[in-house]
Amino acid sequence: MRVTSQAFRTRAAVALKNVELQRAMAKAKGGFVDKRRVAIEALPEFEQLRSVAREIKEHTLSHLDYYLERFESQVIASGGHVHWARTPAEACEIVVGICGGVGARSVTKGKSMVGEEIAINPALENAGLEVIETDLGEYIIQLAKEPPSHIIAPAVHKTRDQVTDLFQEHHSRYGYNQRVTEIPDIVNEARQVLRDAFLSADVGITGANFLVAETGSTIIVTNEGNGDLTNTLPAVHIVTASIEKVVPTLEDATAILRLLARSATGQEMSSYTTFSTGPRRSTDLDGPKEFHVVLVDNGRSQMLGNEFHEMLRCIRCGACLNHCPVYGAVGGHAYGWVYPGPMGSVLTPLMVGLEKANHLPNACTLNGRCEQVCPMSIPLPKMLRQLRVREFEQRLTPARMRWGLSIWTYLARRPHLYQPVMSILVRLLEILGRKRGRFRYLPFAHGWTKVRDMPAPQGQTFQRAWRQSGDGSRL
Amino acid sequence: MNNNAREQILSDIRRALNRTTSLHKSVSAALMARLAGHSVHVQPVVETDLVNRFIAKSKAVASTVVTVPSLMQVPEAVTQYLTTSSQKLEVVMAPDPLLDDIDWPTSMKIERRQAGRQDVVSITGVFAAIAETGTLVLLSGAHSPTTLNFLPDIHIAIVRRQQIITHIEDVWRQIRSELEGMPRTVNLITGPSRTADIEQTIQLGAHGPRSQHVIVVDAE
Amino acid sequence: MAKSYKHGDAGRPRVGLFVTCLVDLFRPSVGFAAVKLLRAAGCDVEIPRAQTCCGQPAYNSGDVKDTREIAKQVIDAFEEFDYVVAPSGSCAGMLKLHYPTLFVSDVVWQQRARALAVRCHELVSFITDVCGMDSVDASFDQSVTYHDSCSGLRELAIHAQPRRLLASVRDLRLSEMCDADVCCGFGGTFCIKYPEISARMVSDKMANTEASGANNVLGGDLGCLLNIAGALKRHGSKIKVYHVAEILADMADVRAIAEGEEPK
Ligand code: SF4
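Here's what I pulled together on the structure shown here. (Residues numbered from 1 in each chain as written. Chains lettered and ligands numbered in written order. Predicted model: local features only at pLDDT ≥ 70, side-chain atom pairs only at ≥ 80, totals over all residues. Heavy atoms only, no water.)

## A few points about the interface of chain A and chain C
(1) Moving on: The interface is formed by 68 residues belonging to chain A together with 71 residues belonging to chain C.
(2) Moving on: Buried area between chain A and chain C, summed over both chains or domains, comes out near 6200 Å², and the portion from carbon and sulfur atoms is 60%.
(3) Moving on: By the criterion of area lost to chain C, the three top residues of chain A are Arg452, Gln458 and Phe462 of chain A, representing 12% of everything that side buries.
(4) Moving on: Along the contact surface separating chain A from chain C lie three salt bridges. (Contact = heavy atoms within 4.5 Å. Buried area = accessible area lost by both parts, 1.4 Å probe. Salt bridge = Lys/Arg side-chain N within 4 Å of Asp/Glu carboxyl O.)

Have a look at this one:
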């Protein structure tokens, strides 16, 4: 997927003016937040679980090689195959290779963010395969030829009317000529259309929410059941998963599962939590004959050793997106790559390069709501600030910003200069602004006055006023 | 290439963790012990009346539940459910021996196999049912094909009272003691299929069953 | 109250007021209100001269080196006091939580930063939680709503304290707004780097403020208040904006933020 994060500012501005998008986002926002709150208030053990989950992940990450090897040997022992990919290109090559090896023509897919990250769809299509996304949200954006705008609700930016239009445009070839406008009918039409795809696909590709080292199981958590049709019906099941998804035991996975659905959708459990271990057994009546797991690194082993390693605890629940006021304002596409919102603003620069995405860590007020809700207690604001440090060190900070900052810090480090200079400035501003109490325009503060007035200062600095009041004795 | 990638990823991980080789014996022994310990972490409190908790939680996720006093009443419950939901008495049923004992009416057309496209109603037993969350546990196997849980519009699951367990972790304990390793598929099913992908409005019956019906057999 | 520090007259704790740059430049009345509240809470207040800014602009722009220099200056100026108090959650949070992280490879300064950090507080939480104040002598015959500034709320757990004190202000009616704990879009340099997004966030805040029905919006961080007031005025709103300390110190006779001389 092309990285357009450098156009964040313009894309954000467009998004803010996009009426349909704003309507869709307004509908989504409150729902996620309220449902999560209710679910968490109903679980008194939530905070305890949070620290347990953190500890499980930290333990796993600090022995990541061991658990990956263990996972691998268990997959093999249960009759499956494990492939390792350093880069998206390697991962795609492996998946395309497996499909080619079984003479596959069509592929169904369950929602997978790693799949997006490695851009598996274009790779498969270039190899001549038909790829059908089966998660309703993913299906909608596949029809619209758009990337997901949310990690758990990929089509959250679409209104119902837009979906109606898309279905009308794309479903007439299956004989659906009626315009469906009601949600039940829209969902039903997708169900009918995708049935054929499920039943005729040669390969099913899913992601994984967890990999269990103990058993070699991969876990998917879904609500629609599409993931299960994808991993049960075709002859080959391929799982694309990043290396940090591994946890030691089924009990460890269970503890984190208790946080996942609650944080994501406010459910205690999603409708379907499915553990896949190897291919179908000899006496099974259904299930895939081949089971492959593609383990993707794509920069994660680097993160493990640096100040961003805590990001590897992320379970992709989306809570940070749902609670981010910037994400809520501009939607996911403005972020310009696969992962949006707070977690995306950390991951994108690390995965595609800071020089291609240095807007993202800056487009944040550091308000901390993301960290507050993150079930894995990931210090997202700290990491965004850390990326700004890198940006500053690599001299990627825009020149105007740098200049403004150095003038400020120069003065701030010299109180004896700062105070008289500021006194004059403040006095001047007060005189100019006294009448209205504010400025509609200030030449050096255009970014501010473009959208709001600048309040005028009261006229004296506190320091001066204080000395004049006899150090407060005349108060 | 593949092998290269494996070695490089593992060595990158080790370097990141400030190690040059695999783990020291004592460390890997500790890790093995951790794996073998299967220790359970914090669990939500679940009241002791497991049956009622399971029923309440199932209903909360939009499953429908009826209780019958014994296996003998199951056919009647199924018939009634299908009739009130205007379905034909045609089902595809898991080849589960536990369902063999039931005296199904001759008026019901039953096939014992995995599900196919045309099937509308499936009937299965369960491996267990979790009171904590109102979750059905189904394991793939000769007696329990996974397609039955997902392809038909209606999935009817028969849960015997003693199959209701407290927490999710109890499933793992039970699998370890009763089976040799994990089956191909473990399904934890909590309510019917649903989606909120259109305007964040919950709609049941996305790709999996539109209805999840549970018959609890309340016999000891 | 901690008694392990040297105290001023008659055992009154000596408080160094960290005025913050925005209060110093834009709204000295908040500084005076802080002094009044601190004195009422039983403290001796001093204003060290060698203070400018806590360094957040540099810190949040990734400029660690300058941040460190500014932090050293603050530590130098304030470590002689029993307490350091700032009328701002974000500046207090900076001193309390972030300064100690700046000196990972400098034991001496890290020690000094830590020693300062434990004595550093935001104004309203200080006079309540540390000084035990639970009411103020003030009156304000108006309806108000309260905006929880992010750093104070999430870094320092300031939420109940201002509300508790506001409840003791005679005739004041507090009417909570929806999403009081959601960012107003200020974010320091964020609001000038991304004005459109910031504008959108502050317009949500304005809408919630208006919907609360209150005639005044209060908060504990001047940055947010300048943003909210600037936006309200740009849109012709009559709602007035004050720092919570001004109301608690019974000093609401000053002109509200961004209010001019023109008769309304
Ligand atoms: S960073 Fe935290 S809140 Fe955000 S998706 Fe990851 S786990 Fe969820």
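## Details of the interface of chain B and chain A
(1) Moving on: If you look at the interface, chain B gives 78 residues, while chain A gives 104 residues.
(2) Moving on: Taken together, the two surfaces of chain B and chain A that pack against each other cover about 7800 Å², and 57% of this comes from carbon and sulfur.
(3) Moving on: Taken together, the links from chain B to chain A amount to 15 salt bridges.
(4) Moving on: Across the pair Arg191 of chain A and Asp153 of chain B runs a salt bridge whose closest N-O atoms are separated by 2.6 Å.
(5) Moving on: Between the two partners, chain B and chain A, sit 49 residue pairs in polar contact (both at pLDDT 80 or more).
(6) Moving on: When contributions to the side of chain B that touches chain A are tallied by element, the ones reaching two or more residues are α1 (2–16), α2 (25–37), α6 (147–150), α7 (169–178), β9 (185–189) and β10 (194–195) of chain B. (Polar contact = N/O pair within 3.5 Å; in protein donor to acceptor, adjacent residues only side chain to side chain. Helix = DSSP H or I, 4+ residues; strand = E, 2+ residues; numbered from the N terminus.)

## Focus on the sheet that holds strand β6 (residues 217–222) of chain A
(1) Moving on: The strand order β8(A)-β5(A)-β6(A)-β9(A)-β9(B)-β6(B)-β5(B)-β8(B) describes an open sheet built from eight strands, whose pairing is mixed. Each having just a single partner strand, β8 (246–247) of chain A together with β8 (164–165) of chain B make up the two edges of the open sheet.
(2) Moving on: Strands β5 (210–212), β6, β8 and β9 (272–276) of chain A of the sheet are contacted by helix α12 (residues 250–264) of chain A, whose axis makes an angle of about 165° with β5 of chain A. (Pairing = 2+ DSSP bridges. Axes fitted to C-alpha atoms, helices over the stretch in contact; angles between N-to-C directions.)

## What to know about the pairing of strand β2 (residues 106–109) of chain A
Residues and elements named next belong to chain A.
(1) Moving on: Covered by surrounding structure in β2 are Ser106 and Thr108 together with Val107 and Lys109, the residues of both alternating faces.
(2) Moving on: The pairing of β2 with strand β3 (residues 130–133) spans four bridges and is classified as parallel. Residue Ser106 lies in a different strand from β3, and its bridge partner there is Glu130. (Buried < 20%, exposed > 50% of the residue type's maximum accessible area, 1.4 Å probe, protein only.)

## Thoughts on α12 of chain A
All names here are of chain A.
(1) Moving on: Here α12 contains 15 residues, and its C-alpha end-to-end distance of 21 Å stays within 8% of the 21 Å for a straight helix at 1.5 Å per residue.
(2) Moving on: Counting buried positions along α12 yields 15 of 15 residues, so the element is predominantly enclosed.
(3) Moving on: Within two residues after α12, Gly266 carries a phi angle of roughly 80°, on the positive side. (Expected span 1.5 Å × (residues − 1).)

## Description of the site of the ligand
(1) Moving on: Taken together, 14 residues form the shell around the ligand, and within it Cys314, Cys317, Gly318, Cys320 and Cys374 of chain A come nearest.
(2) Moving on: Considering only residue class, the shell around the ligand consists of twelve nonpolar, one polar and one charged. (Near = heavy atom within 4 Å. Nonpolar A, V, L, I, M, F, W, Y, C, P; charged D, E, K, R; others polar.)

## A few points about the nonpolar core
(1) Moving on: Judged by nonpolar contacts, the single largest core of 146 residues is most densely connected at Phe8, Met311, Val330, Tyr339 and Met343 of chain A together with Ile197 of chain C.
(2) Moving on: In terms of residue count, α12 of chain A provides more of this core than any other element does, eight residues in total.
(3) Moving on: Look past the residues within four positions of Phe8 of chain A in its chain and what remains in contact with it is Val326, Val330, Ala334, Tyr335, His359, Leu360 and Ala363 of chain A together with Tyr194 and Ile197 of chain C. (Core = buried A, V, L, I, M, F, W, Y, C linked by side-chain atoms within 4.5 Å.)

## Some points on the environment of Met311 of chain A
Residues and elements named next belong to chain A.
(1) Moving on: If you trace the backbone, Met311 turns up in the loop between α13 (300–304) and α14 (319–322).
(2) Moving on: With relative accessibility at 2%, the residue Met311 sits in the buried group.
(3) Moving on: Put simply, Met311 and Gly278 are 33 residues apart on the chain and 29 Å apart in space, counted from C-alpha to C-alpha.
(4) Moving on: What Met311 contacts, discounting residues up to four positions off in sequence, is Met303, Met343, Val346, Leu347, Ile378, Leu380 and Met383.

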